[in-house]
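What follows is the residue order along each chain.
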Amino acid sequence: MMELLAAFLTGVVGPIAYFFVSQYFARQRDKGRDKVKECINEATLINDELEQIREEFKADRVWITQFHNGGNFYPTGKSIQKFSVFYEVAKKGISTVSHTFKNIPTSLYPKAFEHMMDGNGLFIPDYKNPKVATYGLKGAAESVGTKASFLIPLFTLDEKYLGQIGMDYVSKKKKLSKDEWEHFQIKAGRVAGYLSTHLAK
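Residues numbered from 1 in each chain as written. Predicted model: local features only at pLDDT ≥ 70, side-chain atom pairs only at ≥ 80, totals over all residues. Heavy atoms only, no water.

Another aspect to go through is the sheet that holds strand S2 (residues 79-90). Ordered by their spatial adjacency, six strands build an open sheet running S3-S2-S1-S6-S5-S4, and the pairing between neighbours is antiparallel. At either margin of the open sheet sits one strand with a lone partner, and together these are strand S3 (104-105) and strand S4 (122-124). Two elements, strand S5 (residues 148-155) and strand S6 (residues 161-169), share eight bridges in a ladder whose sense is antiparallel. The partner of Leu151 across the bridge, within S6, is Gly166. (Pairing = 2+ DSSP bridges. Helix = DSSP H or I, 4+ residues; strand = E, 2+ residues; numbered from the N terminus.)

Over the atoms rolls a probe the size of a water molecule, and its path tells where empty space is left. Counted by the stated rule, this structure contains one cavity of 30 Å³ or more. What the largest cavity holds in volume is close to 290 Å³. Around the largest cavity sit 20 residues that line it, and Trp63, Phe101, Leu137, Ala140 and Leu151 are the ones nearest its centre. Every element with two or more residues in the lining of the largest cavity is listed here: strand S1 (61-72), S2, helix H3 (110-117), helix H4 (138-143), S5 and S6. For the lining of the largest cavity, the element with the highest residue contribution is H3, accounting for three residues. Residue composition of the lining of the largest cavity, grouped by class: 15 nonpolar, four polar and one charged. (1 Å grid on protein atoms, 1.4 Å probe; cavity = no way out; pocket = protein on both sides within 12 Å on 5 of 7 lines; lining within 4 Å. Points joined across faces, edges and corners; volume = space filled by probe spheres on them. Nonpolar A, V, L, I, M, F, W, Y, C, P; charged D, E, K, R; others polar.)

What follows is the structure, given as structure tokens:
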């Protein structure tokens, strides 16, 4: 009888008690949090990082897009996958693109996303060069005056594809050297780390 009681306490009561205690402490921890302040601090941190990248690579714009749920299909209710620019910095005199690329269905750029989903970046030094693969992005780029773009996919710590970081050149075409491209990839990894931490909170 005592063995049954001990097994019951360890197997049933223990996990239930643990669940309620952990929920209690989670609520207590959240009471003292200022989520708006946290969000602003994290956005400032990421924007500062983007500004450093923009200055280092003499880019006109640096931005981050993230995937999100953008509503539901009729009549099935299935989620519509979209992306938006969530962070952006631009050189003085260069227009931003965050207002243009907001709630865009991922289905409009399947070639670009399929390529990046496998961990590959997009290297587009000249949108007007017919020999350069633009992965279906040429129209969107030209609509905002972009002459060259470099995009790197961003992944969470558990390897989920969460978006991309992009660097645009508006005033002139640009070709990154091998060292510059590799350095940009390192910077992108750092930014992905910030975003993963932010999303995990």
